[in-house]
Amino acid sequence: MYAWAPVAVPSLPKSDDSVPGRLTLFDTAAQSLTEVGPNDGAARMYVCGITPYDATHLGHANTYVTFDLVQRVWLDLGLDVDYTQNVTDVDDPLLERAAETGQEWEELAEDQIELFRSDMQDLRVIPPRHYIGAVESISCVIDLIEQLLPSGLVYQVDDDQHPDWYFNTVGAEGFGGVSNLDESRMIELFRENGGDPDRPGKRHPLDCLVWRFARPDEPSWTSSLGAGRPGWHIECTAIAMRYLGPNFDVQGGGSDLVFPHHEMCAAEAIAAAHEPMAEAFVHSGMVGLDGEKMSKSKGNLELVSRLRHAGADPMAIRLALMDNHYRSNWDWTPDKLERATERLTAWRGVLNNATAMPAGETIAAMRTALRNDLNAPAALATVDAWVAASMAIESDDTSAVSDMVQAIDALLGIKL
Ligand SMILES: Nc1ncnc2c1ncn2[C@@H]1O[C@H](COS(=O)(=O)NC(=O)[C@@H](N)CS)[C@@H](O)[C@H]1O
Ligand SMILES: [Zn+2]
């Protein structure tokens with residue numbers, strides 16, 4: 001599936017040794033900071049994409065801007081970035097929303113993916129190299145399930161009407177290694193996030209659906225498993241393994257995906273490849289509105305497109321998102337956009353200067369902040385300091401302004 005238009009990323013003069021030579025992020029599985037990506041060559045990253053309705057809310061945007069910064073740091077380190085993102089363009093929540101609104105589910109998906117594309121372009125998020133829909137991946141999902149059959153971990157529930165196929169997660173090697181949760185907490189979260197722990201006939205309550213037999217009025221596809229459609233988790237496992245292979249550098253997404261989603265994917269991947277799915281599992285925090293997590297089910301959403309139509313500069317929206325550490329949970333409030341708009345105006349104010357404070361130290365500080373667990377708020381503050389100094393003190397450095405414009409673009413994605 002087409003992603004969206006490429007974003008030009010200026011290449012900056014190489015950093016000196018005062019700046020870390022690797023990117024460090026927090027790995028949820030290891031519960032620690034860890035270097036991510038190779039020393040050279042291609043960094044491989046999978047970030048879970050949207051289920052295309054209610055796009056693009058600020059929680060979505062926060063997640064994709066976060067992993068855009070990861071990509072930008074890797075590019076700045078001279079790495080190639082092989083970035084894959086899915087679109088869950090068939091799944092229960094999408095079908096339910098389509099039924100509620102009376103829209104054809106394919107049309108709803110198409111409209112929302114198109115809106116998501118334009119929002120991502122407005123926010124200057126670099127498009128993934130592989131942008132893959134669940135529907136277009138059904139054959140590779142079926143291949144993966146067939147590959148898992150000999151493991152004995154995939155089975156049909158004893159249900160004449162709907163003999164759906166499940167993955168025996170708790171029998172799988174490494175299960176629990178991503179979330180580090182105990183079983184009772186897993187069952188609670190599984191129930192809250194689309195799982196069916198109480199379904200009779202499963203070997204274990206935490207076993208997850210991999211292939212759902214066709215129900216009346218539901219889309220289904222023929223397969224050796226019977227007519228049906230993929231489960232949520234196996235979709236991402238199949239796409240990630242097909243495009244990135246096991247042991248890729250980063251599996252990413254919001255922290256609401258830690259369990260069940262990324263845990264289940266990781267167990268399925270190990271069962272298929274006998275290798276870890278990813279080196280690191282990296283999660284961005286939850287964006288709330290009025291003290292509650294922004295979510296489609298609650299409907300408490302602020303949309304990028306709504307802010308845009310109200311006149312917000314997308315660069316201000318991006319700045320407002322980046323002014324919160326990627327791992328923090330935070331609440332969106334209108335004053336965050338006001339402050340970001342003021343910051344953007346101040347930064348653009350320096351453009352009219354012929355000279356400014358030398359840029360070298362500031363660029364090194366931005367790089368150091370971002371490479372240390374993606375501390376974007378600190379990176380923004382170093383630019384603030386440079387802007388303030390450049391407005392207050394006469395300087396004769398004529399290349400500083402253009403150097404900083406390039407660095408702000410390449411590292412932060414902000415076009416001044
Ligand atoms: N309130 C929120 N704050 C931060 N990130 C969020 C929020 N709500 C959803 N996300 C993230 O946005 C991305 C898309 O979310 S989603 O539309 O619900 N779709 C899905 O979670 C699945 N299609 C992933 S395969 C996910 O990474 C999710 O973690
Ligand atoms: Zn996913």
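Just above sits the structure.
Residues numbered from 1 in each chain as written. Chains lettered and ligands numbered in written order. Predicted model: local features only at pLDDT ≥ 70, side-chain atom pairs only at ≥ 80, totals over all residues. Heavy atoms only, no water.

## Digging into the pairing of strand β1 (residues 23-27)
Within β1, five of the five residues are buried, which leaves it mostly tucked inside the rest of the structure. Sheet topology note: the β1/strand β2 (residues 32-36) ladder contains five bridges and is antiparallel. The residue bridging D27 from the neighbouring strand is S32, located in β2. Where β1 folds back on β2, the antiparallel hairpin that results is connected by four residues, among which Q31 adopts a positive phi of roughly 55 degrees. (Buried < 20%, exposed > 50% of the residue type's maximum accessible area, 1.4 Å probe, protein only. Helix = DSSP H or I, 4+ residues; strand = E, 2+ residues; numbered from the N terminus. Pairing = 2+ DSSP bridges.)

## Notes on the coordination of the zinc ion (ligand 2)
Protein-derived ligands of the zinc ion (ligand 2) are C48 (SG), C236 (SG) and H261 (NE2), with the metal-ligand distances lying across 2.0 to 2.2 Å. Every donor counted, the four donor atoms about the zinc ion (ligand 2) form angles of 99 to 121 degrees at the centre, which fits tetrahedral coordination. Binding-site remark: the zinc ion (ligand 2) is held by donors from one chain whose sequence spacing is C-x187-C-x24-H. In this pair, C236 is assigned in helix α6 (residues 232-244) and H261 in helix α7 (residues 258-273), connecting sequence segments 25 residues apart. A single burial state applies to C236 and to H261, both of which are buried. (Donors = N, O, S within 2.8 Å, 3.2 Å for Na, K, Ca; no water. Tetrahedral: all angles 85-135°; square planar, octahedral: opposite > 155°, others 65-115°.)

## Digging into the site of ligand 1
Close to ligand 1 lie 24 residues, the nearest being G49, T88, D256, M294 and K296. Side-chain polar atom of T51 to a nitrogen atom of ligand 1: 2.9 Å apart, as the coordinates give it. Between T88 and ligand 1, the recorded distance is 2.7 Å, taken from a side-chain N or O atom to a nitrogen atom. Burial of ligand 1 by the protein chains amounts to 95% of its free accessible area of 600 Å². Of all the secondary structure elements, the ones that give two or more residues to the shell around ligand 1 are α1 (58-76), α6 and β10 (248-254). Per-element accounting of the shell around ligand 1 gives the leading share, four residues, to α1. Here the residues of the shell around ligand 1 are counted per class, giving nine nonpolar, twelve polar and three charged. (Near = heavy atom within 4 Å. Polar contact = N/O pair within 3.5 Å; in protein donor to acceptor, adjacent residues only side chain to side chain. Areas by Shrake-Rupley, 256 points an atom, 1.4 Å probe, with all protein chains shown as cover. Nonpolar A, V, L, I, M, F, W, Y, C, P; charged D, E, K, R; others polar.)

## Brief notes about unusual backbone geometry
Apart from glycine, the bulk of residues carry a negative phi angle, and the bulk of peptide bonds sit in the trans form. Here the amide bond leading from A55 into T56 is cis, since omega sits at -20 degrees, within 30 degrees of zero. You can see T56 is positioned in the loop between β3 (42-47) and α1. Here F259 and P260 are connected by a cis peptide whose omega angle stands at 10 degrees. Position of P260 among the secondary structure elements: in helix α7. In this model, N180 sits at a positive phi of 55 degrees, which is unusual for a non-glycine residue. Within the secondary structure, N180 sits in the loop between β7 (165-167) and α5 (183-192). Of note, N247 is a non-glycine position whose phi angle comes to about 60 degrees, a positive value.

## Some points on the nonpolar core
Judged by nonpolar contacts, the single largest core of 89 residues is most densely connected at L23, W74, I317, M322, W332 and L412. When residues of this core are assigned to their parent elements, the largest contribution, nine residues, is made by α1. When neighbours within four sequence positions are excluded, W74 is seen to be in contact with L23, V36, G37, A43, R44, M45, L79, V81, D249 and V250. Counting 30 residues, the second-largest nonpolar core is a separate cluster that includes L148, M186, F213 and L225. (Core = buried A, V, L, I, M, F, W, Y, C linked by side-chain atoms within 4.5 Å. Contact = heavy atoms within 4.5 Å.)

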